[in-house]
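# Remarks on the overall topology
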Amino acid sequence: MELLALPFLLLFLASPIAGIWLLVRAIAAIRRKAYPKALAFGAAASVLLVSFVAIIWTQICKVRELSRRTNCQSNLHSFDVALSGYVYPPQTCYPTNLTDLPATDIAPDMFVCTGSGNALGSGTLSNATELSDYIYISGLNPSAPAGVPVIICPPMFHQGKGGIILDTDHSTRFYRDTNLVDALIDDPLLRWPDAPPEIRSNVYVHVSKRLTELSKGKYRSHGLK
């Protein structure tokens, strides 16, 4: 596979050089008043250079999105550590709000997905509940089976290509199936159909006012039926 990719890599690296060379030829043709040749050289140069820039820009966007995902997953992992430390006896359930976690275990930056443009990172924890980018599901405890989300970063902060979920098994994953992510926001116990009634009645989906406004009402705080 690497040998097959080598010619394409060489062609990609040569395209800007060829584009510049064609551009120089076009300028020289203009000076000689050979306008048909200048037009042909200029058109070819434009195709090569524009294609090269488009490919580079696409790769830059991919790297930036990967960086956002990594940062987001890091935030959710930090919340997981704080939540795990919170549920020591006599405390058996996760807190009602993420801001109820010890202030020594959380920080304003943890409530911000870098893909959202949220300025909360420069603020305080006092307004985190209203401005948080993350959707928190309260009423759960560590005994919940794998597949139940605890915190969800919605697809709208990842170019609509997927969402990131902190699972009850302590993993943080990027899910490309946006319909599944939205379904889990609507009903976090979707993959736990036999959840005890007392659990279902206590589960509550916390969505910040900011996120509700940004999503134009798509995401709202709610309990389960």
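Rules used throughout
- Residues numbered from 1 in each chain as written.
- Predicted model: local features only at pLDDT ≥ 70, side-chain atom pairs only at ≥ 80, totals over all residues.
- Heavy atoms only, no water.
- Pairing = 2+ DSSP bridges.
- Helix = DSSP H or I, 4+ residues; strand = E, 2+ residues; numbered from the N terminus.
- Contact = heavy atoms within 4.5 Å.
- Axes fitted to C-alpha atoms, helices over the stretch in contact; angles between N-to-C directions.
- Buried < 20%, exposed > 50% of the residue type's maximum accessible area, 1.4 Å probe, protein only.
- Arc of directions from axis to C-beta.
- pLDDT = per-residue confidence, 0-100.
- Phe/Tyr/Trp six-rings, centres within 6.5 Å; stacked < 30°, edge-to-face > 60°.
- Lys NZ or Arg CZ within 6 Å of the ring centre and 35° of its normal.

### A closer look at the sheet that holds strand S2 (residues 149-153)
Taken in spatial order, the 6 strands line up as S4-S3-S2-S1-S5-S6 in an open sheet, and their pairing is antiparallel. Each edge of the sheet is formed by a strand with only one pairing partner; in this case those strands are strand S4 (172-175) and strand S6 (222-223). Bridge count for strand S1 (residues 135-138) against strand S5 (residues 204-206) is 3 bridges, and the pairing is antiparallel. When the bridges of S5 are listed, Ser138 appears paired with Tyr204. Contacts from helix H4 (residues 178-186) reach S1, S2, strand S3 (163-167), S4, S5 and S6, with the element oriented near 125° to S2.

### Considering unusual backbone geometry
Look at the link from Pro89 to Pro90: it is a cis peptide, with omega at 10°. Tracing the backbone through its elements, the reader meets Pro90 in the loop between helix H2 (35-86) and helix H3 (128-131). Its identity is not glycine, yet Gln159 carries a phi of approximately 60°, on the positive side. Looking at the secondary structure, you find Gln159 in the loop between S2 and S3. Residue Gln159 is classed as partly exposed on the basis of its relative accessible area of 44%.

### Here we look at H4
Buried within H4 are the following residues: Val181, Leu184 and Ile185. Burial along H4 is one-sided: seen end-on, the buried residues are contained in an arc of 105°. Among the exposed residues of H4, those oriented more than 90 degrees off its buried face are Asn179 and Asp186. The elements touched by buried residues of H4 are S1, S2, S3, S4, S5 and S6.

### Description of the side chain of Asp187
Relative to the helices and strands, Asp187 is located in the loop between H4 and helix H5 (197-202). A residue is classified by how much of its surface remains accessible, and Asp187, at 18% relative accessible area, is buried. For Asp187, the contacting residues outside a window of four places in its chain are Arg200 and Leu224.

### Some points on the pairing of S1
Along S1, one buried face is formed by Ile135 and Ile137 and the opposite face, lined by Tyr136 and Ser138, is buried too. Strand direction decides the pairing type here: S1 and S2, joined by 2 bridges, are antiparallel. Paired with Tyr136 across the strands is Ile151, a residue of S2.

### Some details on the confidence of the model for the protein
The share of residues in the protein with pLDDT of 70 or more is 90%, and the mean pLDDT across the chain is 85. In the model, residues 1-5 has pLDDT below 50 throughout and makes 0 contacts with residues more than four positions away in sequence or in other chains.

### Observations regarding the packing of aromatic side chains
Centre distance and the angle of the planes are the two values used to describe a pair of aromatic rings. Taken as a whole and judged by the stated rule, the model has 2 aromatic pairs. Here the aromatic rings of Phe79 and Phe111 are separated by 5.1 Å at their centres, their planes lie at 80°, and the arrangement is edge-to-face. One end of the pair, Phe79, is in helix H2; the other, Phe111, is in the loop between H2 and H3, with 32 residues separating them in the sequence. Measuring from centroid to centroid gives 6.4 Å for Phe79 and Tyr134, while their planes differ by 80°, and the two rings are edge-to-face. In this pair, Phe79 sits in helix H2 while Tyr134 sits in the loop between H3 and S1, placing the two residues 55 residues apart along the sequence. One exposure class covers both Phe79 and Tyr134, and it is buried. One aromatic cluster is present, formed by Phe79, Phe111 and Tyr134 through successive ring pairs. Of note, Arg69 hangs over the ring of Phe174, and the distance from its end group to the ring centre comes to 3.7 Å.

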